[in-house]
Amino acid sequence: MKRILIIDDELDMAETMAILLKDEGYEATAIADGLEGLEDIKKGPPHLLILDVMMPMINGLDIVRLMKKDSKLSSIPILLISASKEPEMENDKWSQFLRKPFDIYELIKTVKILIH
Amino acid sequence: MPDQTANRLKKNIPEILKRWEKRTWSEVKASNHQETLALRDSLPEYLSKMAEALLGSIIRTDESRLKDRIEITRIGKKHGNNRAFSLNYTIDQLIMEYHILRQVICDVMDKEKLLTLVERELITCAIEQAVNDAATEFSDTVKEINLKANQEEELRKTIRTRDEFLSIVSHELKTPLTSLKLKSQLLLKRDGDQDETQINKFLKFPEFVSLQVNRMSHLIEDILDFGRIRTGSYKLEFRTKNICKVILDVIEQAGPAFKLFRLSPPELLFAEDAIVSIDEERIKQVIKNLLTNAIRFGQCKPVQIEVVINSAEVEVIVSDQGIGIKAQDQERIFKMFERAVTPSEVSGLGLGLYITKEIIIAHGGRVWVESEFGSGSTFHFALPKGRFQLVRHDLPKGGNRA
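Residues numbered from 1 in each chain as written. Chains lettered and ligands numbered in written order. Predicted model: local features only at pLDDT ≥ 70, side-chain atom pairs only at ≥ 80, totals over all residues. Heavy atoms only, no water.

Participant: Can you help me understand the interface of chain B and chain A in this one?
Facilitator: How big an interface is tends to be stated in terms of the accessible area lost upon association of its parts. Each partner contributes to the interface: chain B provides 22 residues, whereas chain A provides 25 residues. Roughly 2200 Å² is buried in total at the junction of chain B and chain A, and carbon and sulfur atoms are behind 62% of that figure. Linking Arg215(B) and Glu10(A) is a salt bridge whose minimum nitrogen-to-oxygen distance equals 2.7 Å. At the boundary of chain B and chain A, one finds 5 residue pairs in polar contact (both at pLDDT 80 or more). Contributing elements (two or more residues each) for the side of chain B that touches chain A: α5 (117-190), α6 (196-203) and α7 (205-231) of chain B. Broken down by class, the residue content of the side of chain B that touches chain A amounts to 8 nonpolar, 7 polar and 7 charged. (Contact = heavy atoms within 4.5 Å. Buried area = accessible area lost by both parts, 1.4 Å probe. Salt bridge = Lys/Arg side-chain N within 4 Å of Asp/Glu carboxyl O. Polar contact = N/O pair within 3.5 Å; in protein donor to acceptor, adjacent residues only side chain to side chain. Helix = DSSP H or I, 4+ residues; strand = E, 2+ residues; numbered from the N terminus. Nonpolar A, V, L, I, M, F, W, Y, C, P; charged D, E, K, R; others polar.)

Structure, rendered in structure tokens:
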């Protein structure tokens, strides 16, 4: 079973996405803290990371930068989500971007594209 | 004799003009960057007027003197005004142009025949008059240009701030909206698959909706309060209250927030008879703002609320042991749209402490923060002690500027 990790400081939203993705047959885990999420990725890289951009302590873009520097983590597909516009970063360092508010069908469709 | 001098001056205008231009280009630094010298076009006319002033044969009436005076002033002002729009031009350089003119006139004239003391004095006076007019106009125009530039900069800043604010508002409203959208769509998707009550219980949907709607309503209230403060339509109704009772009401309302952050209710250290004259709803808003910040930035560590009575004030102290605020940010955070953290770190409109400060000032009180970065923050607000008559008070339009 493909594993998806969701990191979003809005835990309730992350958990809702996890329930939804479990319904679709994935193993999904929700984490609200960026640092905790990064540790989790290092312990066992997921098949897909869904990552919120605006978070306290360490934001989503910092997590992307750290992952891209680590050869073991740099190839993990990332779905960035934010209520703000798509962030500008040098090169294409993530796989997809979804702007909030998105709906469950957009989410499922994008996840399927990234994970298969 | 003066007639001859005047005629000599008129005759030498092209030579004076040539020499003056040559020296000005080389000696006045800012002129190097000019395509034309501002005084050059009006100089022949100006020198003619000066020659007329030297002309003794013409019977000069008060009216003609006044006319010449007005004309010289006009030329001087035109010069000053032109120079004020030139980049890198200073008043010293403008004066220098006239100084060179005086020297050139005297040199050219003396070369042919020495000027008398009176003639020299007349030339100097005319130059001084012109330089005075030009310098005044230069200075006034520069002031006007700077004022306009400042106003334009202020306007640009306001537009930038408004755009940033709209972007933050949009972000803050979209976040709960996304949660609501996802959860309701999930419920619809699962409808019929399982027992509805079970799904509701599983997703805690009613509590969730209530929380997100409260969040959006709080955001909208902040935006409306901000508008009320800016337009001066923020009304306060004062009544005598024990502030400890008001704090307890807020803590009761904030129960779910403490639960969400897995925090115990705050430790309370209350003085007795903390009587103040307040608009209860607004002071509740202040306490709620401070308590919310203590929870959000408190890193899930205990929060404490203390009420102390000083000689003339009742002081409320809200302390957390969270991330703290850097010294350079401690004043700034009370200004509108300002926050100690970047919008990418923590959500919020950057209005809470601004509204808090405006409310406290409207109560005749003061608010401040003590904090050490990394070790937590302590927010204080102090209100005048005692009982007052019921009064109505409007916040000043545009908010406090202190």
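This is not the end of the story, as more comes after the structure.
Participant: Honestly, the packing of α7(B) against helix α11 (residues 352-362) of chain B in this entry has me stumped. Any pointers?
Facilitator: The relative placement of two packed helices is expressed as an angle between their axes plus a distance between the axes. Residues and elements named next belong to chain B. For the pair α7 and α11, the least separation of the axes is 10 Å and the interaxial angle reads 45°. With respect to α11, the axis of α7 lies oblique. Handedness of the α7/α11 crossing: left-handed. Between α7 and α11, the contacting residues are Asp 222, Asp 225, Phe 226, Ile 229 and Arg 230 on the first element and Tyr 354, Ile 355 and Glu 358 on the second. For the contact of α7 with α11, the residue count by class is 4 nonpolar, no polar and 4 charged. (Axes fitted to C-alpha atoms, helices over the stretch in contact; angles between N-to-C directions. Parallel < 35°, antiparallel > 145°, perpendicular 65-115°, else oblique. Left-handed = near helix turned anticlockwise from the far one by under 90°.)

Scope: geometric values only; no functional claims are made or implied.
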